[in-house]
Amino acid sequence: AQVLLESGGGSVQAGGSLRLTCNASTLTTRSRCVAWFRQSPGKERERVAHVYTGDGSPWYADSVKGRFTISRDNAEVMLYLQMNSLKPEDTAIYYCAAGTRYDTNCYHQPNYWGHGTQVTVSS
């Protein structure tokens, strides 16, 4: 089900920054984890970052580590992905997701997805 709504995508030159927002206010079930994914044409979907909503430290893919930051607002209604030092290879459709499992399936098979927002990084 598509119950999440992403925004904040756009076009930026290499080295620039964007902040993506995921509105999770329509969720009626308490999520256990939230995550960001991305997908480019012809490539497999890639998990960029995830974090358990209650506690725990965030996880980042090696491809974005040190450049991207996942965060939530105090009410955990909004999820953010701050993207700095963007590279052309970051170009993709970015999706936010939420899961209900306590094991790794929470982010391997999220229960809820957004429709995606396009990020384009030019060289």
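Here the structure is shown first, and the text comes after it.
An account of the accompanying structure is given in this report. Remember, predicted model here, so these are calculated numbers, not experimental data.

1. Here's the deal with the overall build of the protein chain
So, step 1. Assigned secondary structure in the protein chain consists of 1 helix and 11 strands.
So, step 2. Over its C-alpha atoms, taken along the principal directions, the protein chain stretches across nearly 40 × 30 × 25 Å.
So, step 3. In the protein chain, which comprises 123 residues, the share counted as buried stands at 42%.
So, step 4. Taking contacts inside the protein chain between residues at least 6 apart in sequence as the whole, the part at least 24 apart equals 57%.
So, step 5. If you sum the accessible surface of the protein chain, you get close to 6,500 Å²; carbon and sulfur atoms cover 46% of it.
So, step 6. Of the charged side chains in the protein chain, 12 are positive and 10 negative; the average position of the first set lies 1 Å away from that of the second.

2. Digging into the packing of aromatic side chains
So, step 1. For the coordinates displayed, the defined rule picks out 3 aromatic pairs.
So, step 2. Arranged with centres 4.8 Å apart and planes meeting at 45°, the rings of Phe37 and Trp113 form a pair that is tilted. One end of the pair, Phe37, is in strand E4 (residues 33–39); the other, Trp113, is in strand E10 (residues 112–114), with 76 residues separating them in the sequence. When sorted by exposure, Phe37 lands in the same class as Trp113, which is buried.
So, step 3. Relative to Trp113, the ring of Tyr95 lies with its centre 6.5 Å away and its plane at 80°, an arrangement referred to as edge-to-face. Of the two residues, Tyr95 sits in strand E9 (residues 92–99) while Trp113 sits in strand E10, which places them 18 residues apart along the sequence. Accessibility classification places Tyr95 together with Trp113 in one group, the buried group.

3. Considering the layout of surface pockets
It is the rolling of a water-molecule-sized probe over the atoms that shows where space remains empty.
So, step 1. In this structure, the largest pocket spans a volume of roughly 230 Å³.
So, step 2. Lining the largest pocket are 19 residues, with Ala24, Leu27, Ser31, Glu76 and Val77 sitting closest to its centre.
So, step 3. If you list the elements that add at least two residues to the lining of the largest pocket, you get strand E8 (78–83) and E9.
So, step 4. Of the residues assigned to the lining of the largest pocket, the class counts are 11 nonpolar, 5 polar and 3 charged.

4. Description of the nonpolar core
So, step 1. Ranked by internal contacts, the top residues of the largest apolar core, which has 28 residues, are Trp36, Leu81, Met83 and Tyr94.
So, step 2. Of all the elements in the fold, those that place two or more residues in this core are strand E3 (18–23), E4, strand E5 (46–52), strand E7 (68–72), E8, E9 and strand E11 (117–122).
So, step 3. Looking at this core element by element, the count peaks at 4 residues for E9.
So, step 4. Counting 5 residues, the second-largest nonpolar core is a separate cluster that includes Phe37, Tyr95, Ala97 and Trp113.

5. Things to note about the side chain of Asp90
So, step 1. Along the chain, the position of Asp90 falls in the loop between E8 and E9.
So, step 2. Residue Asp90 is classed as buried on the basis of its relative accessible area of 0%.

The rules we used
Residues numbered from 1 in each chain as written. Predicted model: local features only at pLDDT ≥ 70, side-chain atom pairs only at ≥ 80, totals over all residues. Heavy atoms only, no water. Helix = DSSP H or I, 4+ residues; strand = E, 2+ residues; numbered from the N terminus. Buried < 20%, exposed > 50% of the residue type's maximum accessible area, 1.4 Å probe, protein only. Contact = heavy atoms within 4.5 Å. Areas by Shrake-Rupley, 256 points an atom, 1.4 Å probe, with all protein chains shown as cover. Lys, Arg positive; Asp, Glu negative; His and termini not counted. Charge placed at Lys NZ, Arg CZ, Asp CG, Glu CD. Phe/Tyr/Trp six-rings, centres within 6.5 Å; stacked < 30°, edge-to-face > 60°. 1 Å grid on protein atoms, 1.4 Å probe; cavity = no way out; pocket = protein on both sides within 12 Å on 5 of 7 lines; lining within 4 Å. Points joined across faces, edges and corners; volume = space filled by probe spheres on them. Nonpolar A, V, L, I, M, F, W, Y, C, P; charged D, E, K, R; others polar. Core = buried A, V, L, I, M, F, W, Y, C linked by side-chain atoms within 4.5 Å.

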